[in-house]
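# Structure assessment
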Amino acid sequence: VGETGMVTGLDFTDAMLSKAKANNAKLGFTNVNFVQGDIEDMPLPDANFDVVVSNCVLNLVPNKNKAFAQIMRVLKTNGHFCVSDVVLKGQLPEKLRKDAEMYAGCVSGAIDIDEYLAIIKKQGFVNTTIHKQKEVAIPESILQNYLSKEEIEKLHNGETGIFSITVSGEKK
């Protein structure tokens, strides 16, 4: 952002805000501030930011429509977002989706990639681009705890899958 730009960090938890502030203090940046809040209801002003970035948390948000609506609200005209996230191709078996271990790994809150992109479009973003898409491999030892052999085969042959994506979109 340069000398005259400003960075605002938003997080839901006190612990992450404390860690971010401590890291910033070590780096000595004076043009960074931190705000506690929920991405579904950001305590930030309308049309105030040029760019919004997020690193793999939107898939954990219960209401992704609200989250992307908030991103649209806080962006200036011609601003853009760029997020890394986890999405699915097809439907994961319910046993796998509900497991707490998978939730901590950002999987069970993920939705189908087509639905994810439709939410972005519904909120009015244009020029949506997937910059990177990489399959997330879950070790066989974990899969065997939750899936039948047939379900594992579907995962391996591409009928279903878990993907890490980096996607951007613009507000016009």
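Here the structure is shown first, and the text comes after it.
What comes next concerns the included structure. Residue positions are given per chain, counted from 1 along the sequence in the order it is written. Side-chain atom pairs in this predicted model are given and counted only at pLDDT of 80 or more, local residue features only at pLDDT of at least 70, and totals for whole chains, interfaces and linings cover all residues. Values reported for side chains reflect all heavy atoms of the structure, with hydrogen atoms and water molecules removed beforehand.

### Quick look at the packing of aromatic side chains
Rules: Stacked, tilted and edge-to-face are the three classes assigned to paired rings of Phe, Tyr and Trp, where Trp is represented by its six-membered ring and a pair needs centres within 6.5 Å; plane angles under 30 degrees give stacked, over 60 edge-to-face, the rest tilted. Helix and strand definitions follow DSSP, with helices as H or I runs of at least four residues and strands as E runs of at least two, each counted in order from the N terminus. Only protein chains enter the calculation, and the probe is 1.4 Å; a residue is then buried if its accessible area is under 20% of its type maximum, exposed if over 50%, and partly exposed in between.
Using the criterion set out here, one finds four aromatic pairs in the structure. With centroids separated by 5.5 Å and ring planes inclined at 65 degrees, the aromatic side chains of Phe68 and Phe81 adopt a geometry described as edge-to-face. Note that Phe68 is positioned in helix H2 (residues 64-74) and Phe81 in strand E4 (residues 75-89), a separation of 13 residues in sequence. The pair Phe68 / Phe81 is uniform in exposure class, with both members buried. Geometrically, the ring pair formed by Phe81 and Phe125 is edge-to-face, given 4.8 Å between the ring centres and 75 degrees between the ring planes. Taken as a pair, Phe81 in strand E4 and Phe125 in the loop between helix H5 (113-122) and strand E5 (126-135) lie far apart in primary sequence, 44 residues in all. According to the relative accessible area criterion, Phe125 is buried, its value standing at 4%. Among the aromatic residues, those joined into a cluster by ring pairs are Phe68, Phe81, Tyr116 and Phe125.

### As for helix H1 (residues 14-27)
What counts here: Helix span is expected to be 1.5 Å times the residue number reduced by one.
Taking 1.5 Å of rise per residue, the 14 residues of H1 would be expected to cover 20 Å, and the 20 Å separating its terminal C-alpha atoms lies within 8% of that figure. Looking one or two places after H1, you find Gly28, whose phi comes out positive at around 80 degrees.

### Digging into the layout of surface pockets
Gaps between atoms show up when a probe of the same size as a water molecule is rolled over them. Condition: Every definition here rests on a 1 Å grid over the protein atoms only: cavities are sets of points where a 1.4 Å probe fits but cannot get out, pockets are open sets enclosed by protein on both sides within 12 Å along at least five of seven lines, and lining residues have some atom within 4 Å of a point. Grid points are joined across faces, edges and corners, and a volume is the space filled by probe spheres set on the points.
A volume near 1200 Å³ is recorded for the largest pocket. Every element with two or more residues in the lining of the largest pocket is listed here: strand E1 (7-11), H1, strand E2 (32-36), strand E3 (49-55) and H2. Tallying contributions element by element places E3 first for the lining of the largest pocket, with seven residues.

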